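Notes for the structure review
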Amino acid sequence: MIARIWSGESPLWRLLLPLSWLYGLASGVIRLLYRLGVKRAWRAPVPVVVVGNLTAGGNGKTPVVIWLVEQLQKRGIRPGVVSRGYGGKAAQYPLLLTPETTTAEAGDEPVLIYQRTGAPVAVSPVRSDAVKALLAENEVQIIITDDGLQHYALARDKEIVVIDGVRRFGNGWWLPAGPMRERASRLRSVDAVIVNGGVALQGEIPMQLHPGKAVNLLTGERMAVAELPALVAMAGIGHPPRFFATLEQCGARLEKRVPLADHQALTAEQVDALAEPGQTLIMTEKDAVKCRAFAKENWWYLPVDAELSGEQPEYLLKELIALAH
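Residues numbered from 1 in each chain as written. Predicted model: local features only at pLDDT ≥ 70, side-chain atom pairs only at ≥ 80, totals over all residues. Heavy atoms only, no water.

Per an unreviewed UniProt entry, the chain is named Tetraacyldisaccharide 4'-kinase, and its organism is Enterobacter huaxiensis. Of the chain, the UniProt comment under Catalytic activity (unreviewed entry) reads exactly: "a lipid A disaccharide + ATP = a lipid IVA + ADP + H(+)". (UniProt positions renumbered as here; feature names shortened; annotations may be inferred.)

Okay, here's the thing in structure tokens:
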């Protein structure tokens, strides 16, 4: 229903317009207060790069953060990552991630980024506290923030926006009548726009998410998705249909699709009940980090990697490297 409202297919979005006007007014006032200096943003002693979005829901932001971190590491730069840690609740903040940190403490995306990149990661509702914690324990040259475009309390040196190239901006209205956190005109003030799938417009950086082989949660075995029998697919991400479509593009024959809420907590009993005997459960890597502690032998996940095309990604990386030095 939400997808139909936000796309404009359902006329119910008109009933929500008064709430959207209030949301837009409140977010506009907050941004204006920072622009006028009435509220002051904290500036880190190292460069800060925000990777965020203008809409609610999954746009492929976390794969972009992973891509940036890995590309900077390959070029000899030491990045660190900060996040709000949605879906997690730590005993205290800021929380510096370790190999023992659970998704219940830090949230699924920070744990995924930490495991994939090995970069230092810190979470806190107050992102400046997360940055301070990182810098106190690590020789970090540049900070990448996973989300936080609208978190103006943290000053930033570069802003990167990730857009779902198929859904774009829906009906264009603020939450809750539409998917927008800020209006599309905000793109004029950011440093780079990355478009995940669909068709990139002039000046935007095209990106595709390329799946690898499926990985068994219990054994680490790798296998082509098309070779896995009787697949049940689950996805606790912002836009589950994208994951199901990716599986089918890989040749998977899905017997069942289970969309879950983004950042949804998972239990062994809940996940185990999704697949019947003889079926194979496949999930996103983001879900897998929540399930490893109680994984079963018929559970697999599909890793994906962001691939940015054109000359602009290299120019962007050169700018970030210059900032880090």
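1. Considering helix α5 (residues 108–117)
The buried count for α5 comes to 8 of 10 residues, which makes it a mostly enclosed element. Buried within α5 are the following residues: Asp108, Glu109, Pro110, Val111, Leu112, Ile113, Tyr114 and Thr117. The inward-facing, buried residues of α5 abut α3 (61–74), β2 (79–83), α4 (103–106), β4 (121–123), β5 (142–146) and α9 (285–291). Among the residues trailing α5, glycine 118 stands out with phi positive, at a value near 75°. (Buried < 20%, exposed > 50% of the residue type's maximum accessible area, 1.4 Å probe, protein only. Helix = DSSP H or I, 4+ residues; strand = E, 2+ residues; numbered from the N terminus. Contact = heavy atoms within 4.5 Å.)

2. Concerning the UniProt feature "binding site: ATP" (unreviewed entry) in the chain
What UniProt calls "binding site: ATP" (unreviewed entry) maps, in this numbering, to Thr55, Ala56, Gly57, Gly58, Asn59, Gly60, Lys61 and Thr62. Considered against the largest pocket, the annotated residues that line it turn out to be Gly57, Gly58, Asn59, Gly60, Lys61 and Thr62. Mapping alanine 56 onto the fold places it in the loop between β1 (48–52) and α3. Its relative accessible area of 16% is what places alanine 56 among the buried residues. Excluding its chain neighbours within four sequence positions, the residues that come into contact with alanine 56 are Trp6, Leu175, Pro179 and Arg181. Checked against the element boundaries, threonine 62 lands in helix α3. Judged by its relative accessible area of 8%, threonine 62 falls in the buried class. Ignoring any residue separated from it by four or fewer positions in sequence, one finds threonine 62 in contact with Glu109, Leu112, Ile113 and Asp146. (1 Å grid on protein atoms, 1.4 Å probe; cavity = no way out; pocket = protein on both sides within 12 Å on 5 of 7 lines; lining within 4 Å.)

3. Observations concerning the environment of tyrosine 93
With respect to the helices, strands and loops of the structure, tyrosine 93 is situated in the loop between β2 and β3 (95–96). In sequence terms tyrosine 93 and serine 124 are 31 residues apart; their C-alpha atoms lie 5.5 Å from each other. Not counting chain neighbours up to four residues away, the residues in contact with tyrosine 93 comprise Gly88, Glu105, Val123, Ser124 and Pro125.

4. A closer look at the pairing of β5
Among the 5 residues that make up β5, 5 are buried, leaving the element largely enclosed by the rest of the structure. Residues Ile142, Ile144 and Asp146 line one face of β5 and the alternating positions Ile143 and Thr145 line the opposite face, and both faces are buried. Strand direction decides the pairing type here: β2 and β5, joined by 5 bridges, are parallel. Its bridge partner being in β5, valine 81 is matched across the sheet by isoleucine 144. (Pairing = 2+ DSSP bridges.)

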